[in-house]
Amino acid sequence: MLLVGTDPRFAEHDPGRRHPERPQRVEAVLAGLDDAAVRDAVRHLEPRAATRAELERVHTAAYLDEIERVCAAGGGALDPDTSASPRSWDAAIHAAGAGLEAVAALERGDGDAAFCAVRPPGHHALESRAMGFCLINNVAVTAAYLRDRGDSVLVIDWDAHHGNGTQAIFDDDADVFYVSMHEWPLYPGTGRIDEIGSGPGAGATLNFPFPAGTTGDAYLDAIDTVVEPIAEQIRPDWVLVSAGFDAHRDDPLTDLGLTAGDYADLTARVLALAPARRVIAFLEGGYDLGALRSSVAATASALVGAELRPEPATSGGPGRAVVGAVRRLRSAGPSRN
Ligand SMILES: [Zn+2]
């Protein structure tokens, strides 16, 4: 059973006319869930608002006050790419609470995995700054909650853009291991191989900056030869996925080469890194509605162990050289493992 955390509020966040991160994205995701081989195995999960204390594990009080104030005043620009509308605050705190509700539901045994079909997305949001279409860092709010109660967390971010917000929030944190596979060079400009975390968190950040045209085989190589051995060592209690679908080859904002079939393979690999019933995916980017729909269908099916391949998997592009470089860097250290 796949738990799907979604709410009509998520379509009420309006980032402005002709913005690629548009409300119709949620409809495409829900259509993909209806296509999935598991349509009958989907159960609705009602998101709740994250509390102020839960949000302040990740964001400053002053920053949260500012977003709430801008929304109450009718909305406005928070960043050159990122705007809030009157309903954005309510959408954002429910997007952040969806993951927390998913933790509780999975622990009750209500489902096998969870997919949070949320807007606005979160992985670019910093402690005190909105950026890259993101207001509150949804995956970070759930990761920080789990960490603070003593769980170890592995975050896998396969959005085409580097999740600079999530990386920065857990940079010096040994209990939240952050892995990103993203296009390079590309917005936001972070996510180089040598960004590995700092202080107690040195070695607990891992970046795969893939060139344009990278295909699914490089992603699987990264998981099989680098991430899986790390997961064996850290034995995460939870795996949280920043599931952007803008690495799809049809995405208008990026130039990576994945297909829906690659997301099916990637999801199956990620599922194997976690204990049973301990994977939660969070929607991040993905701006071609057709690609988003088919990629979500493939991902949702794989999350419950079914196979759906609307498109074949890809291979033969560049990217494996980056995986080799990451392997060499990790074997040379420094690393906490
Ligand atoms: Zn993205």
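Above this text is the structure in question.
Residues numbered from 1 in each chain as written. Predicted model: local features only at pLDDT ≥ 70, side-chain atom pairs only at ≥ 80, totals over all residues. Heavy atoms only, no water.

Here we come to the overall build of the chain. From N to C terminus, the chain includes ten helices and ten strands. For a compact globule of 337 residues, the expected C-alpha radius of gyration is about 20 Å, and the chain comes in at 18 Å, within 12% of that figure. With respect to the principal axes defined by its C-alpha atoms, the chain has extents near 50 × 45 × 40 Å. Here the chain holds 337 residues, and 60% of them are scored as buried. Counting contacts in the chain only where the partners sit at least 6 residues apart, residues at least 24 apart contribute 79% of the total. Here the chain contributes 30 positively and 49 negatively charged side chains, and the mean placements of these two sets differ by 1 Å. (Helix = DSSP H or I, 4+ residues; strand = E, 2+ residues; numbered from the N terminus. Rg over C-alpha atoms; globule rule 2.2 N^0.38 Å. Buried < 20%, exposed > 50% of the residue type's maximum accessible area, 1.4 Å probe, protein only. Contact = heavy atoms within 4.5 Å. Lys, Arg positive; Asp, Glu negative; His and termini not counted. Charge placed at Lys NZ, Arg CZ, Asp CG, Glu CD.)

Applying the stated criterion across every chain yields a total of 27 salt bridges. Across the pair Arg 48 and Glu 101 runs a salt bridge, and its minimum N-O distance is 3.4 Å. Placement of Arg 48 in the loop between strand E2 (42-45) and helix H2 (52-55) and of Glu 101 in helix H4 (residues 88-108) is noted, with a sequence separation of 53 residues between them. Here Arg 48 falls in the partly exposed class, since its relative accessible area comes to 30%. The residue Glu 307 makes a salt bridge to Arg 309 at a minimum N-O spacing of 2.8 Å. Accessibility expressed as a relative area gives 60% for Glu 307, which makes it exposed. Bridged by salt links that share partners, the residues Asp 7, Arg 9, Glu 12, Arg 87 and Asp 90 form one connected network. (Salt bridge = Lys/Arg side-chain N within 4 Å of Asp/Glu carboxyl O.)

With that settled, the discussion passes to the nonpolar core. If you look at the biggest cluster of nonpolar residues, it comprises 53 residues, and the most contacted ones within it are Phe 208 and Phe 210. Broken down by element, the residue count for this core peaks at ten residues, all from helix H7 (residues 216-234). Ignoring sequence-local partners within four residues, the contact set of Phe 208 consists of Val 179, Ser 180, Met 181, His 182, Ala 222, Val 226, Val 227, Val 322, Val 323 and Val 326. By size, the runner-up hydrophobic cluster in this structure holds 47 residues, among which are Phe 10, Val 58, Leu 100 and Leu 135. (Core = buried A, V, L, I, M, F, W, Y, C linked by side-chain atoms within 4.5 Å.)

Sheet architecture is open: eight strands sit in the order E2-E1-E5-E10-E9-E6-E7-E8, paired in parallel fashion. Each edge of the open sheet is held by one strand with a lone partner, namely E2 and strand E8 (205-210). Geometrically, the sheet is characterised by an average inter-axis angle of 15° between neighbouring strands, direction not taken into account. Sheet analysis places strand E9 (residues 238-243) next to strand E10 (residues 279-283), joined by five bridges and oriented parallel. Counterpart to Val 241 in the pairing with E10 is Ala 281. (Pairing = 2+ DSSP bridges. Axes fitted to C-alpha atoms, helices over the stretch in contact; angles between N-to-C directions.)

Before going further, it helps to examine the packing of aromatic side chains. Two aromatic rings are characterised by how far apart their centres lie and by the angle between their planes. Within the structure shown, the criterion is met by six aromatic pairs. Centre to centre, the rings of Phe 208 and Phe 210 are 6.1 Å apart; their planes meet at 25°, and the pair counts as stacked. Taking the relative accessible area as the measure of exposure, Phe 210 reaches 0% and is therefore buried. Between Phe 210 and Tyr 219, the aromatic rings sit 4.9 Å apart at their centres with planes inclined by 45°, giving tilted as the arrangement. Among the aromatic residues, those joined into a ring-pair cluster are Trp 158, Phe 245 and Tyr 263. (Phe/Tyr/Trp six-rings, centres within 6.5 Å; stacked < 30°, edge-to-face > 60°.)

To continue, consider the pairing of strand E6 (residues 153-157). Most of E6 sits inside the fold, with five of its five residues counted as buried. The alternating pattern of E6 places Val 153, Val 155 and Asp 157 and Leu 154 and Ile 156 on opposite faces, both of which are buried. Two elements, E6 and strand E7 (residues 176-183), share five bridges in a ladder whose sense is parallel. In the strand pairing of E7, Ile 156 is matched with Val 179. The parallel pair E6 and E7, bridged by helix H6 (residues 164-169), forms a crossover whose chirality is right-handed. Sheet topology note: the E6/E9 ladder contains five bridges and is parallel. (Right-handed = clockwise from strand over helix to strand, strands pointing away.)

Take the coordination of the zinc ion next. Around a metal, the idealised angle for a tetrahedral arrangement of four donor atoms is 109.5 degrees; for an octahedral arrangement of six donor atoms it is 90 or 180 degrees. Around the zinc ion, the protein contributes the donor atoms Asp 159 (OD), His 161 (ND1) and Asp 246 (OD), which lie 1.9 to 2.1 Å from the metal centre. Mapped onto the sequence, the donors of the zinc ion take the spacing D-x1-H-x84-D. One end of the pair, His 161, is in the loop between E6 and H6; the other, Asp 246, is in the loop between E9 and helix H8 (260-271), with 85 residues separating them in the sequence. A single burial state applies to His 161 and to Asp 246, both of which are buried. (Donors = N, O, S within 2.8 Å, 3.2 Å for Na, K, Ca; no water.)

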